[in-house]
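Topology and contacts: notes
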Amino acid sequence: MTGRPAPPASAGDTRLVGIRVLTREELHAAAVILAQGMLDNPLHVRVFGSSPVPRERRLLRFLGGVIGHVEAHGEVLGAFAGGELVGVLGMMEPGRCRPTLRERLRLGCLIVAGNPPATVLRIRRWLSVWARNDPAGPHWHIGPLAVAEAYRRRGIGRRLMMHCCEQIDAVAAAAYLETDLARNVTFYETLGFAVIQRETVLGVPNWFMLRPPSPGRPDEAAASPV
Ligand SMILES: CC(C)(COP(=O)(O)OP(=O)(O)OC[C@H]1O[C@@H](n2cnc3c(N)ncnc32)[C@H](O)[C@@H]1OP(=O)(O)O)[C@@H](O)C(=O)NCCC(=O)NCCS
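Let me begin by describing the structure that accompanies this report. Quantities reported herein were computed from a predicted structural model and do not represent experimental measurements. (Residues numbered from 1 in each chain as written. Predicted model: local features only at pLDDT ≥ 70, side-chain atom pairs only at ≥ 80, totals over all residues. Heavy atoms only, no water.)

Digging into the overall build of the chain
This is how it is decided: A helix here means a DSSP run of H or I that spans at least four residues, while a strand means a run of E at least two residues long, and both kinds are numbered starting from the N terminus. Residue exposure (1.4 Å probe, protein chains only): buried if accessible area is under 20% of the type maximum, exposed if over 50%, otherwise partly exposed. Pairs of residues are marked as contacts when any of their non-hydrogen atoms sit within 4.5 Å. Residue exposure ignores everything except the shown protein chains as possible cover, and the areas themselves are Shrake-Rupley values with a 1.4 Å probe.
A tally of helices and strands in the chain yields 7 helices and 7 strands. Ordered by position from N to C terminus, the α and β elements of the chain give β-α-α-α-β-β-α-α-β-α-β-α-β-β. Counting the 226 residues in the chain, one finds 48% classified as buried. Expressed as a percentage of contacts within the chain between residues at least 6 apart in sequence, the contacts between residues at least 24 apart total 73%. Of the roughly 11100 Å² of accessible surface on the chain, a fraction of 57% belongs to carbon and sulfur atoms.

Here's what the structure looks like:
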């Protein structure tokens, strides 16, 4: 992506990045970070279309609904650099990630209202595969996750994930997530996640990853940038 502002020089020092739980009023800003940050993820391109402008608009609407659901069933973490929100991570409590009938209807209406019929069908297909792979056992459900492009490769994504994993380790619980990028699989493996299933969704490879309860601290060496 082009045209994004360059980060301040201080953003290079990840000790200056603060992480806290976002309030409901901050969820729109979180959805903007997620929609821009995940705009080029292969599954989103496949589902929401190859044209970036309508894709971002549809993704923003969709992720606005998703992040509201996540906040209602867990928490949404925000990473701030110089007071600016630059990274977002959602986590849902065990037993609370699957939407109730009422929530499915609400999300369904939002999807139908904001997308052409072919996109609606693709979203349905995508979500049905993800729902089928959701583990039966108790787990924290992690995601969505994105860091603003100008702030990537500075350890912010890792810090968000470690913050989340520390909370989960404190209660000796399992964590689960989905990803559509091989490089993210490698990243999550350094945090103790392992691939438990792989499935192609609409022609895009997806990996389903589980982190068993209290596997010990994430690899110290891999966690070094902070
Ligand atoms: C995934 C993401 C959140 C990581 O955030 P980040 O702040 O850049 O991550 P970090 O700087 O903490 O780096 C973590 C590790 O991720 C991996 N990684 C991140 N970006 C990478 C890239 N472009 N290529 C290869 N590896 C990459 C590396 O292993 C990296 O560790 P290293 O820098 O020590 O080698 C960020 O790249 C992003 O927003 N991506 C787009 C959206 C997305 O894919 N979200 C996750 C959906 S499951």
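Points about the site of the ligand
Put simply, the test is: Nearness of a residue to a molecule or strand requires only that one of the residue's heavy atoms be within 4 Å of it. Within 3.5 Å is the distance limit for a polar contact, defined as a pair of N or O atoms, with the added protein rule that one can donate a hydrogen and the other accept it, and that residues adjacent in sequence qualify only through two side-chain atoms.
Taken together, the neighbourhood of the ligand is formed by 20 residues, with Leu145, Val147, Gly155, Gly157 and Arg158 sitting nearest. Between the ligand and the protein, one listed contact pairs an oxygen atom with a side-chain N or O atom of asparagine 41 at 3.1 Å. Backbone polar atom of arginine 154 to an oxygen atom of the ligand: 3.1 Å apart, as the coordinates give it. Out of a free accessible area of 890 Å², the ligand has 79% covered by protein chains. Those elements that provide at least two residues to the shell around the ligand are strand 4 (140-147), helix 6 (156-170), strand 5 (175-179) and helix 7 (182-189). If you tally residues by element for the shell around the ligand, the top one is helix 7, at 4 residues.

Considering the pattern of salt bridges
The condition is simple: Whenever a carboxyl oxygen of Asp or Glu lies within 4 Å of a side-chain nitrogen of Lys or Arg, that contact is scored as a salt bridge.
Scanning all chains against the criterion turns up 7 salt bridges. The partner of arginine 24 in a salt bridge is glutamate 71, with the nearest N and O atoms 3.0 Å apart. Pair noted here: arginine 24 is in the loop between strand 1 (17-21) and helix 1 (27-37) and glutamate 71 is in helix 3 (residues 52-73), with a separation of 47 residues, a long-range link. Accessibility expressed as a relative area gives 57% for arginine 24, which makes it exposed. Taking relative accessible area as the criterion, glutamate 71 reaches 16% and is therefore assigned buried. Arginine 132 is paired through a salt bridge with glutamate 199; the nearest N and O atoms lie 2.9 Å apart. Here the residue arginine 132 occupies a position in helix 5 (residues 117-133), and glutamate 199 occupies one in strand 6 (residues 194-201), the gap between them amounting to 67 residues.

Let's talk about the side chain of asparagine 115
Within the element layout of this structure, asparagine 115 appears in the loop between helix 4 (101-114) and helix 5. According to the relative accessible area criterion, asparagine 115 is buried, its value standing at 10%. Only 2.9 Å separates the side chain of asparagine 115 from the backbone oxygen of isoleucine 111, close enough to count as a polar contact. Aside from chain neighbours lying at most four places away, what touches asparagine 115 is Phe48, Arg58, Val120 and Ile123.

A closer look at the environment of glycine 90
Tracing the chain through its elements places glycine 90 in strand 3 (residues 84-92). Judged by its relative accessible area of 0%, glycine 90 falls in the buried class. Each C-alpha atom of the pair glycine 90 and valine 76 lies 4.4 Å from the other, and the pair is 14 residues apart in sequence.

Here we look at the nonpolar core
To keep it simple, the criterion reads: Side-chain atoms within 4.5 Å link the members of a nonpolar core, which is a set of buried Ala, Val, Leu, Ile, Met, Phe, Trp, Tyr and Cys residues.
In this structure, Ile142, Leu160, Met161 and Phe193 are the most contacted members of the largest nonpolar core, which totals 66 residues. Of the residues forming this core, the biggest block, 7 residues, is contributed by helix 6. In this view, phenylalanine 193 contacts Ile142, Met161, Cys165, Ala175, Tyr176, Leu177, Tyr188, Met209, Leu210 and Arg211; residues no more than four positions away in its chain are not counted.

Focus on the pairing of strand 4
For clarity, the threshold we go by: Pairing between strands requires that DSSP locate at least two bridges from one strand to the other. Orienting the strands away from the viewer, one traces the path from the first strand over the helix to the second; a clockwise path indicates a right-handed crossover.
Burial analysis of strand 4 places 8 of its 8 residues in the buried class, which makes it a mostly covered element. Inspection of the sheet shows strand 3 paired to strand 4 by 5 bridges, in the antiparallel sense. Bridged to valine 88 within strand 4 is alanine 146. Examined bridge by bridge, strand 4 and strand 5 share 2 bridges and lie parallel to one another. Bridging from a neighbouring strand, histidine 141 pairs with tyrosine 176 of strand 5. At this point the chain moves from strand 4, through helix 6, to the parallel strand 5, and the crossover so formed is right-handed.

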